[in-house]
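Listed below, chain by chain, are the residues.
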Amino acid sequence: MKTNIFAIVIMLLSLGFAKESSNLNQELVGHENKGDVAKALHYSSYKALMDNFEKVGVKKGIDIIATLDKTKQAETFKMIRARMQNEITIIAKDVSQKRGGNVLIVGHGISILALVSAFDDTVNLGKPLANASVTKILYKNGQFKVLSVGDMSYVDQGAKEK
């Protein structure tokens, strides 16, 4: 029986930041000239960092956040990917044992990219996923296969129907 996993449970697949989100945004990610992440990656501002996101990529950005976290509780890219891969495997096996079916899992784009990179090393980790995009992962015979990443076709279709 096959199980389709539609990307991605906020509780288990979100980024593991140690700081409160308001402090994280102010201190680590920041805006304009306040962001430690931008500074650590040698960008003058948050905007400059985001303008060059394809060069930086998700992995490097996440690893810098983990490095800058003084509490050392923030996860590295590798840790996020391993945790997500473990949890999605548990979900897929459970659903598969119960005759299979579709599963909807919701999460952040960075977390989704980290997960997808565990199953497909050709995924572009330098291109952020659009809000409301759909990533499809097939679980069949104990294996995962990425079917699509960041699909926005249903949004485009909905816009045409208005």
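Residues numbered from 1 in each chain as written. Predicted model: local features only at pLDDT ≥ 70, side-chain atom pairs only at ≥ 80, totals over all residues. Heavy atoms only, no water.

A. Just the overall build of the chain, in detail. Scanning the chain from terminus to terminus reveals 8 helices and 4 strands. Counting from the amino terminus, the chain carries its helices and strands in the arrangement β-α-α-α-α-α-α-β-α-β-β-α. Summed over its atoms, the accessible surface of the chain is roughly 9,700 Å², and 52% of this surface lies on carbon and sulfur atoms. (Helix = DSSP H or I, 4+ residues; strand = E, 2+ residues; numbered from the N terminus. Areas by Shrake-Rupley, 256 points an atom, 1.4 Å probe, with all protein chains shown as cover.)

B. Representation of the packing of helix α6 (residues 77-97) against helix α7 (residues 109-119) within the structure. The N-to-C vectors of α6 and α7 enclose an angle of 75 degrees; their axes lie 8 Å apart at closest approach. Between α6 and α7, the angle falls in the class roughly perpendicular. Where α6 abuts α7, its residues F77, I80, R81, M84, Q85 and I88 lie against S111, I112, A114, L115, S117, A118 and F119. Taken together, the residues of the contact of α6 with α7 sort by class into 9 nonpolar, 3 polar and 1 charged. (Axes fitted to C-alpha atoms, helices over the stretch in contact; angles between N-to-C directions. Parallel < 35°, antiparallel > 145°, perpendicular 65-115°, else oblique. Contact = heavy atoms within 4.5 Å. Nonpolar A, V, L, I, M, F, W, Y, C, P; charged D, E, K, R; others polar.)

C. Focus on unusual backbone geometry. Positive phi outside glycine occurs at H42, with the angle close to 70 degrees. By secondary structure assignment, the location of H42 is in the loop between α3 (36-40) and α4 (46-51).

D. Expanded view of the packing of aromatic side chains. In total, this model carries 2 aromatic pairs according to the counting rule given. Consider the rings of F119 and F144, whose centres lie 4.3 Å apart with planes at 25 degrees: the pair is stacked. Linking F119 in helix α7 with F144 in strand β4 (residues 143-151), this pair joins segments that are 25 residues apart in sequence. Pairing Y139 with F144 gives two aromatic rings, centres 4.8 Å apart and planes at 50 degrees, and the pair type is tilted. Given the relative accessible area of 6%, Y139 is considered buried. In this structure an aromatic cluster arises from ring pairing among F119, Y139 and F144. (Phe/Tyr/Trp six-rings, centres within 6.5 Å; stacked < 30°, edge-to-face > 60°. Buried < 20%, exposed > 50% of the residue type's maximum accessible area, 1.4 Å probe, protein only.)

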